[in-house]
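# Survey of secondary and tertiary structure
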Amino acid sequence: MLRLAMTTDAETFERVREPLADRSIDVGHVQAKERTLRVSEGETGEGVPADPDEFAGFDVGLVYPTRLMEGAVVDERLGVPWVNGRDAVVTSRNKAGVLATLSAAGLPTPKTTLVSNPVDESAVVDAAAEFSYPVVVKPNSATRGVGVATATDLDSLLGVVDYLNLIHDYRATGDKSFLIQEYLPDARDYRAMVVDGAYAGAVERVLDDDALAAGRWKHNVHRGATARGVDLDPEARDLAERAAATLGIDYLGVDLLATGDRLVVNETNARPTVDAATKYEDGFYDRFAALIRRTANGE
């Protein structure tokens, strides 16, 4: 029985445990945040890790911890290869970097400009002049739709920027950049799963009628949208696979936006939530388990 370490105990953890157990992979939770972690043994110099039983016996990890500082300690304690290691997590978290890489490779993406604070207001005005309103404004490295807003004119855009400036004034803030991005009205929002380089299924994230009537537009499941399984067409499948291959990430959620005449990669997620198996392709868990095994074997 192979032992897989997961540093999340949320939806994905509960969903994958039984299917992977059926494939001789035991999934265990390792808490990587909101706790204390001893990092050394003082003067003994013996290198004896704290809480050895907690970190012992694992063969492979799924995804490097989202908090990179704590992750370095947990990574050292576990001493295992990751399906998605630190580089994959850092790469995917940088929205601007992902879009720049994909665009340079010829993949379609939304028109986007990175703003690195602090900048003069005139720089934001000049950048916005290249867009038509409304525009999307989003922190470069936030997840789950946190901090994402639309601006309908220059005044509302500068209001959002003022708020971001207030946050970025805090010296401990890490990433001080944000994106100005074209808004694609009435776009359908898909999360395609790529496992071991191949399309493995997708969900469409939709808002109910009440949410739409209230003017909501963000389709993040963590913000109340519903994910329903869909069968993407070959063009969308191919685009998701090409995005994962371009970034060099074997296990990736690829967010696609589709309008009547456009299909673009909007974001990626190297820590994708695994939905119900019925929403994915047949053989999803066989492929997932095979990727975990190959990672454990150093392949």
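Preceding block: the structure.
First things first, this report covers the structure right here in the doc. Here, residues in each chain are numbered from 1, in the same order as that chain's written sequence. pLDDT decides what is reported in this predicted model: residues at 70 or higher carry local features, side-chain atom pairs at 80 or more are listed and counted, and totals for whole chains, interfaces and linings draw on all residues regardless. Excluded from the side-chain calculations are hydrogens and water; all other atoms, namely the structure's heavy atoms, are used.

### Observations concerning unusual backbone geometry
In this model, N117 is joined to P118 through a cis peptide bond whose omega is -5 degrees. One can find P118 in the loop between β5 (112-116) and α6 (121-128). In this structure, P134 follows Y133 across a cis peptide bond, with omega equal to 0 degrees. Within the secondary structure, P134 sits in the loop between α6 and β6 (135-139). The backbone of D196 shows a phi angle near 55 degrees, a positive value even though the residue is not glycine. Numbering of helices and strands starts at the N terminus; helices are DSSP runs of H or I of at least 4 residues and strands are runs of E of at least 2. Along the chain, D196 falls in the loop between β9 (188-195) and β10 (198-206).

### Some remarks on the environment of R38
By the element assignment, R38 lies in the loop between β2 (25-29) and α2 (52-55). Each C-alpha atom, one on R38 and one on V73, is 8.6 Å from the other, the two residues being 35 residues apart in sequence.

### Looking at the pairing of strand β13 (residues 263-269)
Exposure categories follow from relative accessible area, calculated using a 1.4 Å probe and restricted to protein chains: below 20% of the type maximum is buried, above 50% is exposed, and the middle band is partly exposed. With six of seven residues buried, β13 lies mostly within the body of the structure. Should DSSP find at least two bridges between two strands, the strands are taken to pair. The pairing of strand β12 (residues 251-258) with β13 spans six bridges and is classified as antiparallel. Across the sheet, residue V254 finds its bridge partner in β13, namely T268. Between β12 and the antiparallel strand that follows it, β13, lie four residues.

### Here we look at the sheet that holds strand β7 (residues 149-151)
Pairing within the open sheet is antiparallel, and its four strands lie in the order β5-β8-β6-β7. Of all strands in the sheet, those with a lone pairing partner are β5 and β7, marking the two edges. Neighbour-to-neighbour, the strand axes of the sheet open up by a mean angle of 25 degrees, direction not taken into account. Looking at chain direction, β5 and strand β8 (residues 177-182) are connected through five bridges and run antiparallel. Residue pairing in the sheet places S116 in a bridge with S177 of β8. Only heavy atoms matter for contacts: two residues are in contact if any of them lie within 4.5 Å across the pair. A fitted line through C-alpha atoms represents every axis, and for helices the fit uses only the stretch in contact; the resulting angles, taken between N-to-C directions, go from 0 to 180 degrees. Lying on the sheet, helix α5 (residues 95-104) is in contact with β5, β6 and β8; it crosses β8 at an angle near 50 degrees.

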